Amino acid sequence: MFIYNEKFVSKKEGYYYSCPWIEHGLVFFPYKLTMCCNCGHEGGGHVMVRDNFSGKNFDINRIFKVKEIYRRFHKKGKINVNCMNCNYLKEEKWNNENYLDHLYISHWTKCNSKCIYCYESNFPEDFKNKNLYEVLPILKNLYEQGLLKREANIAFGGGEPTLLGEFDDIIKFFMDNYFIRFRVHTSGIKYSETLAQAINALIAYVVVSIDAGTKETYEKIKQVPCYEKVRDNVRKYALNTTFLGRDLISTKFVIIPGINDTKEEIEKWLQGNREDGLYASVLDIEENWYLENRYKIPNHIYKLIEYTEKRSKQLNTYFQTYERLQNLLCDKQNKKSSFFRKKRIK
Ligand code: SF4
Ligand code: SF4
């Protein structure tokens, strides 16, 4: 559904509201293709390109046609309802060409962690029935046609990518074809030699999900006894690369209010990162809690974010926020009410 709003009608010649994902993005999920994987804003994201996709009959021209429909609507100030108040939506002079340079690979069906906040770990049956398909033949085909750019912004997410049968081959494909950079989100429970090589070649950026500064908190959240193993693997990735490569390894801490939202836990996490030789730390907030509480965020959460940023800088690690936290900070800055907010509050 598209909604007209005058504020989205561009007054500048050749400009319109769109985003890099509408223009040139694609996400592979186990059962669908979407434009993007962003979902922390009011519209809800996950803009659909094709439902019921299980790897068969992939047709890039059909996808480009869907994108063209979006462009046509957006040029008239009619914005897709799922894109409302998304930070990526920008008024720009987009080039309107058909190619992919934003890719998210998330077609997994299993994981070696059981995070308490994960839908999939709570309903594993739903995922067992999904069909695991291969993405690599599709990527190769797109690349051979010149439709997948080497400078593409590529990420693996969801589940555990290193468990995918084609994981090593996909990484090798990116390396052999000199792709510039890709990001891998991993539980860190399994050490991947191929990933270590890609870090060392300065092509892979790895984000290890840890959510804790102690074994006790980790096990409460992840429900697997793997804290030491994950810390060992993070250290091993850091030790097996160069000074420059270390910038490409980080751990991610998802704030889960009531479980790990204390300065002590954050401090131990950051200190652990420093001891493991990392130069980067990533912070986010648990999605379900955030969506339920986005208009009544307690002050101590803001204070915790400020504390993490300050301590991260003091420890000389690069501080990065992820999507939900970026939305939370944006909401704070931009308190003006929106169409959606008024509707939900009624
Ligand atoms: S939800 Fe945001 S990132 Fe996704 S397609 Fe819409 S504007 Fe782009
Ligand atoms: S690592 Fe990701 S997919 Fe696996 S259980 Fe945790 S949130 Fe779910």
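The following paragraphs examine the structure supplied in this document.

Procedures and definitions
- Residues numbered from 1 in each chain as written.
- Chains lettered and ligands numbered in written order.
- Predicted model: local features only at pLDDT ≥ 70, side-chain atom pairs only at ≥ 80, totals over all residues.
- Helix = DSSP H or I, 4+ residues; strand = E, 2+ residues; numbered from the N terminus.
- Buried ≥ 20, exposed ≤ 12 C-beta atoms within 10 Å, placed from the backbone.
- Contact = placed C-beta atoms within 7 Å.
- Near = placed C-beta within 6 Å.
- Nonpolar A, V, L, I, M, F, W, Y, C, P; charged D, E, K, R; others polar.
- Pairing = 2+ DSSP bridges.
- Axes fitted to C-alpha atoms, helices over the stretch in contact; angles between N-to-C directions.
- Arc of directions from axis to C-beta.
- Core = buried A, V, L, I, M, F, W, Y, C linked by C-beta atoms within 7 Å.

**Some words on the overall build of the protein**
Here's step 1: A count of helices and strands for the protein gives 14 helices and 14 strands.
Here's step 2: C-alpha extents for the protein along the principal axes are approximately 55 × 50 × 40 Å.
Here's step 3: Each of the 346 residues in the protein was classed as buried or not, and the buried ones make up 39%.
Here's step 4: A fraction of 77% describes how many contacts in the protein between residues 6 or more apart in sequence connect residues 24 or more apart.

**With respect to the site of ligand 2**
Here's step 1: The immediate surroundings of ligand 2 are formed by C111, S113, K114, C115, C118, E120, S121, G158, G159, E160, S187 and S209.
Here's step 2: Its residues placed into classes, the shell around ligand 2 shows 3 nonpolar, 6 polar and 3 charged.

**Points about the sheet that holds strand β12 (residues 249-255)**
Here's step 1: In spatial order, the strands read β5-β4-β3-β8-β9-β10-β11-β12-β13-β14; together these 10 strands make up an open sheet with mixed pairing. Looking at which strands have only one partner, the edges of the open sheet turn out to be β5 (48-51) and β14 (318-321). Mean inter-strand twist for the sheet, computed between neighbouring axes without regard to direction, equals 20 degrees.

**Digging into the site of ligand 1**
Here's step 1: As a structural note, the neighbourhood of ligand 1 is formed by 14 residues, with C19, C36, C83, C86 and Y88 the closest of them.
Here's step 2: Residue composition of the shell around ligand 1, by class: 10 nonpolar, 4 polar and no charged.

**Considering helix α6 (residues 167-176)**
Here's step 1: Those residues of α6 that fall on the buried side of the exposure criterion are F167, I170, I171 and F174. In an axial view of α6, the angular spread of the buried residues amounts to 95 degrees, which keeps them on one side of the axis.
Here's step 2: Taken together, the buried residues of α6 touch α5 (136-144), β10 (182-186) and α7 (193-200).
Here's step 3: Note on α6: the residue one or two positions beyond its end, Y178, has a positive phi of about 55 degrees.

**Quick word on the environment of E286**
Here's step 1: Structurally, E286 is set in the loop between β13 (280-285) and α11 (287-293).
Here's step 2: Between the C-alpha atom of E286 and that of Q314, which follows or precedes it by 28 residues, the distance is 25 Å.
Here's step 3: With residues up to four places along the chain from it excluded, the contact list for E286 reads Y117, V254, I255 and I256.

**Examining the nonpolar core**
Here's step 1: One finds L195, I199, A204, V206 and I249 to be the most contacted residues of the largest nonpolar core, which totals 79 residues.
Here's step 2: Excluding anything up to four places from it in sequence, A204 contacts F182, V184, L195, A198, I199 and L248.

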